[in-house]
Amino acid sequence: MKHSILDGTSADTFPASGAARPPGRIRVGDCMSRPGVAVTPGTDFATVAAVLSASRRGIVPVVTADGTVTGVVAVSDLLAAYAEKEREGELLALDLMASPGVTVTDDTGIVEAVALLAGRSLHHLPVVDGDGRLVGLLSSHDLLDALRRVDEEVRAEALELALTPGSGVAPSSLHVRCERGRVAVTGRTRTRSDAAALCLQIARIEGFTGLADHLVWDLDDGVPPAD
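About the criteria used
- Residues numbered from 1 in each chain as written.
- Predicted model: local features only at pLDDT ≥ 70, side-chain atom pairs only at ≥ 80, totals over all residues.
- Heavy atoms only, no water.
- Helix = DSSP H or I, 4+ residues; strand = E, 2+ residues; numbered from the N terminus.
- Buried < 20%, exposed > 50% of the residue type's maximum accessible area, 1.4 Å probe, protein only.
- Polar contact = N/O pair within 3.5 Å; in protein donor to acceptor, adjacent residues only side chain to side chain.
- Pairing = 2+ DSSP bridges.
- Axes fitted to C-alpha atoms, helices over the stretch in contact; angles between N-to-C directions.
- Parallel < 35°, antiparallel > 145°, perpendicular 65-115°, else oblique.
- Left-handed = near helix turned anticlockwise from the far one by under 90°.
- Contact = heavy atoms within 4.5 Å.
- Nonpolar A, V, L, I, M, F, W, Y, C, P; charged D, E, K, R; others polar.
- Right-handed = clockwise from strand over helix to strand, strands pointing away.
- Core = buried A, V, L, I, M, F, W, Y, C linked by side-chain atoms within 4.5 Å.

> Help me understand the environment of Arg 148 in this model?
Within the secondary structure, Arg 148 sits in helix α6 (residues 140-162). Residue classification places Arg 148 among the partly exposed residues on the basis of a relative accessible area of 41%. Remark: the alpha-carbon pair of Arg 148 and Glu 179, spanning 31 residues in sequence, is separated by 8.2 Å. Polar contacts involving the side chain of Arg 148 include one to the side chain of Asp 145, which spans 2.4 Å.

As structure tokens, then:
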């Protein structure tokens, strides 16, 4: 019995072929909250505060009459305005909002959305359609749930491949897990070529980013017999 990985070394990493493929199955529109609660530029301070409190979100988008997002009011904006003792007159969403607001489209991939949230240190993003109109709200929790679903889908597909009749894998030896698109597979196959074929099949799964291969085989059919 020998350890797998395609070059025969033990418990190494089998990378994705070419550039790593991001989880492309889930888009922002698949995991955002609907409908998106919003206010208009003329909404008063008290109403904005009530909307934020009722929604239990960190932001509320500010939209024009046709639903186009023109800015965003965050809880921190309200608190900062409240602390300004010297300011006079009624405060409106127009005075409170950050404009232009950072938005994401419903067709954006979740990996890009994660990078945007992390890069801007944000926790929520308004989601807009192709015309800039509000269609939902995306939170960091929404993204975490979506990424977990991607890992579950990748793991399920890798497991299905390993258990396909003719794969050469002993089912009782099989263990598959996935984290951030990286698949770790442990098990025993009949031959070295069976192990290599399974690795190549797993590498083609959408959302796959890398493979920690801990397969072993009973027969090394890649080594020619000695004379």
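> How do you make sense of the sheet that holds strand β5 (residues 104-105) when you look at a structure like this?
Through backbone hydrogen bonds, the strands of a sheet pair up, either in parallel or in antiparallel fashion. Taking strand neighbours across the sheet as the criterion, the three strands line up as β5-β6-β7 in an open arrangement whose pairing is mixed. In the strand order of this sheet, the two ends are held by β5 and β7 (134-139), each with one partner. Examined bridge by bridge, β5 and strand β6 (residues 124-128) share two bridges and lie parallel to one another. When the sheet's bridge partners are listed, Thr 105 is paired in β6 with Val 128.

> Looking at this structure, I do not really get the packing of α6 against helix α7 (residues 192-203). What am I missing?
A packed helix pair is summarised by two numbers, namely the angle formed by the two axes and the spacing between the axes. Put simply, α6 and α7 touch, their axes get as near as 10 Å, and they point 150° apart. Between α6 and α7, the interaxial angle falls into the category roughly antiparallel. As for the relative orientation of α6 and α7, their crossing is right-handed in sense. Across the interface between the two elements, Ala 158, Leu 161 and Ala 162 from α6 touch Leu 198, Gln 201 and Ile 202 from α7. Each residue belonging to the contact of α6 with α7 can be placed in one class, and the counts come to five nonpolar, one polar and no charged.

> Help me understand the environment of His 124, please; the structure alone is not making it clear to me.
Tracing the backbone shows His 124 in strand β6. Residues His 124 and Asp 142, spaced 18 residues apart in sequence, show a C-alpha to C-alpha distance of 9.4 Å. Among residues more than four places away in sequence, those in contact with His 124 are Arg 57, Gly 58, Ile 59, Leu 117, Leu 138 and Ser 139.

> What am I meant to see in the packing of helix α5 (residues 110-120) against α6 here?
Relative orientation of the contacting elements α5 and α6 amounts to 145°, with a least axis distance of 10 Å. Note that α5 runs across α6; the crossing there is left-handed. Counting all contacts with α5, which are made through Ile 110, Ala 113, Val 114 and Leu 117, the residues of α6 involved are Ser 140, Leu 143, Ala 146, Leu 147 and Val 150. Considering only residue class, the contact of α5 with α6 consists of eight nonpolar, one polar and no charged.

> Would you explain the pairing of strand β9 (residues 182-191) in this entry?
Along any regular strand, the residues point their side chains to alternate faces of the sheet. Here strand β8 (residues 175-179) runs beside β9; their pairing, made up of five bridges, is antiparallel. Looking at the pairing, Glu 179 lines up with Arg 182 of β9. In sequence, β8 turns back onto β9 through a hairpin of two residues, with Arg 180 there showing a positive phi of about 55°. Taken together, the nine bridges between β9 and strand β10 (residues 210-219) define a ladder with parallel strand orientation. Along β10, the bridge assignment pairs Thr 189 with Trp 217. For the crossover from β9 across α7 to β10, the handedness is right-handed.

> I tried to follow the side chain of Asp 129 on my own but got confused; where do I start?
Structurally, Asp 129 can be placed in the loop between β6 and β7. Assessed through its relative accessible area of 18%, Asp 129 is described here as buried. In this structure the side chain of Asp 129 is engaged in a polar contact, spanning 2.9 Å, whose partner is the backbone nitrogen of Asp 131. Sequence-distant contacts of Asp 129, defined by excluding residues within four places in its chain, comprise Asp 106 and Val 135.

> Could you clarify how one ought to interpret the nonpolar core in this entry?
Note that soluble globular proteins tend to have their nonpolar side chains buried in a common cluster. Judged by nonpolar contacts, the single largest core of 33 residues is most densely connected at Leu 138, Val 183 and Ile 202. Of the residues forming this core, the biggest block, six residues, is contributed by α6. Not counting residues within four places of it along the chain, the set of residues in contact with Ile 202 comprises Ala 158, Leu 161, Val 183, Val 185, Phe 208 and Leu 211. Core analysis: the next-biggest nonpolar cluster, separate from the first, contains 13 residues, Val 48, Leu 91, Ala 93 and Met 97 among them.

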